[in-house]
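In case you want the letters, here they are:
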Amino acid sequence: MKSKFRSFLIVLVLVVFTAALVACSSPAAPTDAPVVDEPVAEEPVAEEPVAEEPVAEEPVVEEPMEVMDFVTWYQYDENNEDPASDERVGNAYLKKTIPEFNADFAGKWNWVNVPKAWDKMTQELVAAVIAGGDVPDLIELGGQQTITYINNGALMDLSDWAKAQSWYEDLDPGAIITCTGPDGGLYCIPTAERPALTYVWAEHYPDGYPTTPEQFMVEAERLKSEGTYAWTYFGSTAYDGSGTGRMVWSLISSFGGTYDDGQGNMLLNTPENVAAIEFLRETIAKEYQPETVFAGGFVEEDSFKDSSAAAIPTGLFGYRYINPLTAPDGTKYEKGNENDMLDAIADGKVVMRPMFAPEGQTPGCNLDIQGFGIPTGAKNVEAAYDYINWIMSDLDRHVEFVIGPGAGFPSLKSAQSHPDMQTPFYQQAAIAVNASVCTNWAGSLERPAEAAPAIMNAVYKLVKEDPSLDIATELQSVQDEYNANN
Amino acid sequence: MQQRTALQSFRYRWRKSLPFWLILPTIVVILIVQVYPAIYTGWLSLQEREPGGWLYVGTKNFDRLFAAGIFPESIGHTVVFLLGYTIFTLTLGFLIALLLKQNVRLSGLYITLLFIPWIIADVIAGLVFRLLVTPDYGLFSGILQNPALIPPNGLSVLTATRPAPWFGNFPFPPSPAMIYLILAASWRALPFVTLLILAALQTVPAEVIESARIDGATGFQLTRHITVPLILPAMVVALFNLIIGGMNGVGMVFSLTGGGPGTSTYVISYLLYVIGWGQLRFGRAAALALLIAFVNWILIFSILRMTRVNESRR
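Model, not experiment: these values are computed from the prediction.

### Some thoughts on the pairing of strand E2 (residues 53–56) of chain B
Residues and elements named next belong to chain B. Bridging between strand E1 (residues 47–50) and E2 involves 4 bridges; their strand directions are antiparallel. Across the sheet, residue Glu 50 finds its bridge partner in E2, namely Gly 53. The hairpin formed by E1 and E2 contains 2 residues between the paired strands.

### Notes on the domain arrangement of chain A
Accessible area lost on assembly of the parts is the figure often given for the size of an interface. All names here are of chain A. Looking at the assigned domains, one finds that chain A contains domain 1 (68–193 + 369–436) and domain 2 (194–366 + 438–483). On a C-alpha basis, the centroid separation for the pair domain 1 and domain 2 is 27 Å. Each partner contributes to the interface: domain 1 provides 37 residues, whereas domain 2 provides 34 residues. Between domain 1 and domain 2, a total of about 2,600 Å² is buried, with carbon and sulfur atoms accounting for 57% of that surface. Looking at the side of domain 1 facing domain 2, the largest losses of area belong to Gln 144, Phe 425 and Gln 428, adding up to 25% of the total buried there. Remark: the boundary between domain 1 and domain 2 carries 8 residue pairs in polar contact (both at pLDDT 80 or more). When residues of the side of domain 1 that touches domain 2 are traced back to their parent elements, those giving at least two are helix H2 (88–104), helix H4 (143–151), strand E4 (189–201), strand E9 (364–373), helix H14 (395–406) and helix H15 (424–434). Per-element accounting of the side of domain 1 that touches domain 2 gives the leading share, 6 residues, to H15.

### Considering the interface of chain B and chain A
Chain B puts 44 residues into the contact, and the matching count from chain A is 47 residues. Overall, the association of chain B and chain A removes approximately 3,900 Å² of surface from exposure, summing both partners, and the carbon and sulfur fraction of that is 61%. At the boundary of chain B with chain A, the tally comes to 3 salt bridges. For the pair chain B and chain A, the number of links is 11 residue pairs in polar contact (both at pLDDT 80 or more). Only helix H1 (2–44), E1, E2, helix H2 (60–67), helix H11 (268–278) and helix H12 (282–313) of chain B provide two or more residues apiece to the side of chain B that touches chain A. Here the side of chain B that touches chain A gets 10 residues from one element, more than from any other, and that element is H1 of chain B.

### Remarks on the domain arrangement of chain B
By domain assignment, chain B separates into domain 1 (2–44) and domain 2 (68–313). Relative placement of domain 1 of chain B and domain 2 of chain B: their C-alpha centres are 41 Å apart.

### What about the pattern of salt bridges?
Where charged atoms of side chains with opposite charge meet at close range, the side chains can pair. Considering all chains together, one arrives at 26 salt bridges over all chains under this definition. In this structure, Glu 124 of chain A and Lys 116 of chain A form a salt bridge, with 2.7 Å as the shortest nitrogen-oxygen distance. For Arg 222 of chain A, the salt bridge goes to Glu 219 of chain A, with nearest N and O atoms at 2.7 Å. Taken together, the positions of Arg 222 of chain A and Glu 219 of chain A, both in helix H7 (residues 213–225) and 3 residues apart, correspond to about one turn of that helix. Judged by its relative accessible area of 24%, Arg 222 of chain A falls in the partly exposed class. Residue Glu 219 of chain A is classed as buried on the basis of its relative accessible area, which comes to 12%. Through salt bridges that share partners, Arg 447 and Glu 450 of chain A together with Glu 48, Arg 64, Arg 281 and Arg 284 of chain B make up one connected network.

### What about the side chain of His 204 of chain A?
Residues and elements named next belong to chain A. Examined against the element boundaries, His 204 turns out to sit in the loop between E4 and H7. Classification of His 204 as buried rests on a relative accessible area of 10%. If near-sequence neighbours (up to four positions away) are discounted, His 204 is found in contact with Arg 222, Leu 223, Thr 228, Ser 307, Ala 309, Ala 310 and Pro 328.

Definitions and cut-offs
- Residues numbered from 1 in each chain as written.
- Chains lettered and ligands numbered in written order.
- Predicted model: local features only at pLDDT ≥ 70, side-chain atom pairs only at ≥ 80, totals over all residues.
- Heavy atoms only, no water.
- Pairing = 2+ DSSP bridges.
- Helix = DSSP H or I, 4+ residues; strand = E, 2+ residues; numbered from the N terminus.
- Domains from an automatic or database assignment.
- Contact = heavy atoms within 4.5 Å.
- Buried area = accessible area lost by both parts, 1.4 Å probe.
- Polar contact = N/O pair within 3.5 Å; in protein donor to acceptor, adjacent residues only side chain to side chain.
- Salt bridge = Lys/Arg side-chain N within 4 Å of Asp/Glu carboxyl O.
- Buried < 20%, exposed > 50% of the residue type's maximum accessible area, 1.4 Å probe, protein only.

Listed below in structure tokens is the structure:
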């Protein structure tokens, strides 16, 4: 009797536990990456059940269509009106355009934005998709995150829908490649291209910014004797090795180097890469950069802001973050927002230049994109399509987006000649970028999130931590470890 | 009569089973928040995420983990961190507790002030410590980076390279950033340890101390042979907390050093964070989490066993 009762209790506990798990588990969300063949045609109309019995002479009143929320994840926050915020431009853009979108789609969609940290959005979305939790209807993303999303089945394939849109043929092919997955599917819609270049204090380089490493060394020595650093850059291993795609890639690609073999394998041990790292090692040994370049947290930008460093290789969009500025002649740009750099460029104090490259090589740079993705399991795909079309089908709106959160050049070829893109800033940037061959650092690597810290840790070890290490041996070891997991 | 018997029987069973019903909610909660995640982690460690969903890969995640160069390196960093963190915190905590026990003036105020680090979140404490030594700008950077004070080039804590290791690849001596991380982590853990030891010290009978003094015991002998053995259980509790906190805590590393410079503060918990949330390799992260849990168990059982042996000897 006693044992029966105990068995009953054990069974009861298990039943309660199972019931609790079932109750807590997510609704059956598709874990497979669904291929969206066609736009979902379902309209969010609250259908009335058809009455079996005829209702006498009552006029049928049509229910007004329910306004559905359209949820986006941006790194910007429309409610943040702090003029000193780093993300001021994007914040202001959302604040202006959310009401415009809601007015254009009145009675249909209500745009709700959820601000997310720029370096945590990928993780949050992938976790949400895997757990079957709530995902937004649209996210903004960078090209390097796309493959991570794809590997985790977190994005919808938009190929068929995108190809049917009027603006598709106008997209820059380079930008499309960045959004294309290993299976050939299009997993994001590129809106802006974000190349890297070098911001230079013109006064520190009166003979122009060096075009070769040899010239750079000469100029750097001169500047050092004047108490100025030749350059500052992000040389830290922080942010999951994001330095891999910053200055280090510009330098390596300018030396003709690469991180991959084009077949998905890592390729680090090449003479060009070794030469680039030897060069970087020498500049570090001679202290041509402030110590802050290795500290992370973007404190290295401060040396450019006060012009104690003469140049800073960074992304085109860096102008938004590097402020206020004090020119070498003491001129101050103190608005504390993106206009400081734009003003300094307009005054000729700051110029934009490509990375220097050895004789016979073309300067290289990283090319990232900004784009839109629709997460797997998004509830309101139709609204996301409408939103993308809203941005991409109207050139003015597209350019407004590019100048706002896009922070780069338009991905639509026809928008590149738009009057708003003819400012001194964009014209100079275009010259610098056109003088370079810009490619995405990850190339054919399918696990950039693993590759980035591995490469950056190796570079840091070789140039800073132990400059006596054999470069080729260390690069080969990192390459082998990565490729062993292919 | 029969009805009465049935009622009595029901009452009897109800009384017998009442403890079970009372404890049932707790059991259910434990099953949900502890047992289920543990089982799920075990399952996850055998899977890999593919675009189409989860794929069973057997022990491949463990194999890849063991093959990664950063794995043994991070174990080395963890050992160095744990040794420095536990020894430094326990010693300092013990000394401060001894001082506070002397009934000095304003000891209540000292204890209150001592609590401040304990109520600050790991991440915030890490950020504050980082700001203190940020190269060129930190509050202490002017002093530390002064070549006249620390020759030949001064010391930039967050970027200084680690010295050449003395024992093969084992990361000892640690980098300045690791030493700083140990100091910061100890600073935060010190209040808890100090108060725990102080409470234990106050339970040591004054008569025993007095007798030992009369017998001619010196201060060191008193501490070594009377005080420490009597407060050992509290020390063990403190040690448990320090080991588990040090082994699993990632907030301080994340905000203070970010694993750097290079990989010189890549402790195992930070590696877990990087694999799980940086690289989104949940299967491999789960495999590492299981290994960490296993090592935690071994450490705890070893300490328990050692202290039991000591107690039985006493």
